[in-house]
Amino acid sequence: MKTKIEKTNAARLLDRAGIGYDLVPYAVDETDLAATHVAEQLGEPVGQVFKTLVLSGDRTGFFVCVVPGNMEVNLKAAARVSGNKKCDLIPMKDLQAVTGYIRGGCSPVGMKKPFPTYIHITAPDFPVIYVSAGIRGLQFRISPADLVSYTGATVADIAVPQQ
């Protein structure tokens with residue numbers, strides 16, 4: 001028997017835009033919200049499971065970086081492509097107020113306001129990538145081109161391998 005997956009607001013937005021995707025559930029471990037854990041649960045390479053990070057720039061304010069799970073955002077590169085002199089990740093305590101999402105469930109689709117979005121240059125290398133569907137335990141399997149198109153994202157070299 002197949003369990004019905006409740007659609008998230010982000011999924012309803014993609015439906016309205018006519019964007020194809022699959023909702024893929026995974027087991028959440030509240031003590032391990034890392035993309036590596038999500039990739040293991042999905043049985044997919046961690047480089048194909050992308051995390052959504054929200055940054056604040058000194059000139060432009062908030063913006064979004066979508067990077068592979070085995071990488072971290074390169075702050076200098078992110079600042080440069082977003083038109084800032086410097087930038088930093090927003091404090092975790094501010095994430096829900098800024099985006100409407102919690103850590104581990106932050107989707108590049110359907111934030112409270114549309115923010116400039118930058119997706120790592122490896123995304124188009126895959127036929128599909130995985131990004132949060134807006135809640136912990138649920139990912140979108142989506143074409144990178146569709147995600148770029150829907151979010152109006154810029155594809156850029158914004159990440160470095162995790163230390």
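For every chain, the first residue of its written sequence is number 1, and the numbers climb from 1 along that sequence. Local features in this predicted model are restricted to residues whose pLDDT is 70 or higher, and side-chain atom pairs enter the listing and the counts only when it is 80 or higher, whereas totals over whole chains, interfaces and linings include all residues. To obtain the side-chain values, all non-hydrogen atoms of the structure were included, while hydrogens and water were left out.

**Observations regarding the overall build of the protein**
Logical step 1: Helix and strand counts for the protein stand at 5 helices and 10 strands.
Logical step 2: Radius of gyration here uses only the C-alpha atoms, and the compact-globule reference equals 2.2 Å multiplied by the residue count raised to the power 0.38. In summary, the protein has a C-alpha radius of gyration of 15 Å against a globular reference of 15 Å for 163 residues, a match within 12%.
Logical step 3: Across the protein, the fraction of contacts at a sequence separation of at least 24, relative to all contacts at a separation of at least 6, is 61%.
Logical step 4: The method behind every accessible area is Shrake-Rupley, applied with a 1.4 Å probe, and residues are considered shielded solely by the protein chains displayed. Total accessible area on the protein is roughly 8400 Å²; 52% of this is exposed by carbon and sulfur atoms.
Logical step 5: Mean positive and mean negative side-chain charge positions of the protein (17 and 15 charges, respectively) differ by 8 Å. Helical segments are the DSSP runs of H or I of at least four residues, strand segments are the runs of E of at least two, and each set is numbered from the N terminus. Note on definitions: a residue-residue contact is assigned when non-hydrogen atoms from the two residues lie within 4.5 Å. Counted charges follow a simple rule, with Lys and Arg positive, Asp and Glu negative, and His plus the chain ends left uncounted. Note that the charge is assigned to NZ on lysines, CZ on arginines, CG on aspartates and CD on glutamates.

**Describing helix H2 (residues 35-42)**
Logical step 1: Residues of H2 that are buried include every one of Ala-35, His-37, Val-38, Ala-39 and Leu-42, and no others.
Logical step 2: Of the surrounding secondary structure, the elements contacted by the buried residues of H2 are strand E1 (22-25), strand E2 (50-57), strand E7 (129-132) and strand E8 (138-142). A 1.4 Å probe rolled over the protein chains alone gives each residue an accessible area, and that area as a share of the maximum for its type sets the label: buried under 20%, exposed over 50%, partly exposed in between.

**Description of the pattern of salt bridges**
Any two side chains of opposite charge can pair, so long as their charged atoms come close to each other.
Logical step 1: We count a salt bridge whenever a side-chain nitrogen from Lys or Arg sits within 4 Å of a carboxyl oxygen from Asp or Glu. For the structure shown, the criterion picks out 4 salt bridges.
Logical step 2: Note that Arg-141 is salt-bridged to Asp-22, the shortest N-O span being 3.0 Å. Here Arg-141, found in strand E8, pairs with Asp-22, found in strand E1; they are 119 residues apart in sequence, far enough to count as distant.
Logical step 3: Measuring nitrogen to oxygen at the nearest pair gives 3.3 Å for the salt bridge that ties Asp-94 to Lys-93.
Logical step 4: Residue Asp-94 is classed as partly exposed on the basis of its relative accessible area, which comes to 27%.
Logical step 5: We classify Lys-93 as exposed; its relative accessible area is 70%.

**Considering the environment of Gln-162**
Logical step 1: Turning to its location among the elements, Gln-162 is positioned in the segment after strand E10 (159-161).
Logical step 2: Along the primary structure Gln-162 and Met-71 are separated by 91 residues, whereas in three dimensions their C-alpha atoms are 4.7 Å apart.
Logical step 3: Excluding residues within four positions of it along the chain, Gln-162 makes contact with Lys-51, Gly-69, Asn-70, Met-71 and Glu-72.

**Here we look at the state of the cysteines**
Logical step 1: Sulfur atoms of two cysteines make up a disulfide when they are within 2.5 Å. This model, assessed by the stated rule, comprises 0 disulfides.
Logical step 2: The thiol sulfur of Cys-87 is not disulfide-bonded, and the nearest other cysteine sulfur, from Cys-65, lies at 6.9 Å.
Logical step 3: On the basis of relative accessibility, which here comes to 11%, the residue Cys-87 falls in the buried class.
Logical step 4: There is no disulfide at Cys-106, and the cysteine sulfur nearest it, in Cys-65, is 11 Å away.
Logical step 5: Overall, the relative accessible area of 6% leaves Cys-106 in the buried class.

**A look at the sheet that holds E8**
Logical step 1: Any two strands are treated as partners once DSSP identifies two or more bridges connecting them. Here 3 strands make up an open sheet; going across it, the order is E1-E8-E7 and the pairing antiparallel. Both edges of this open sheet fall to E1 and E7, since each of them pairs with a single strand only. Strand-to-strand twist in this sheet, taken as the mean axis angle between neighbours without regard to direction, amounts to 35°.
Logical step 2: Bridge count for E1 against E8 is 4 bridges, and the pairing is antiparallel. Bridge pairing in E8 places Asp-22 opposite Arg-141. As a rule, the C-alpha atoms of each element are fitted with a line to give its axis, helices using only the stretch in contact, and angles between N-to-C directions run from 0 to 180 degrees.

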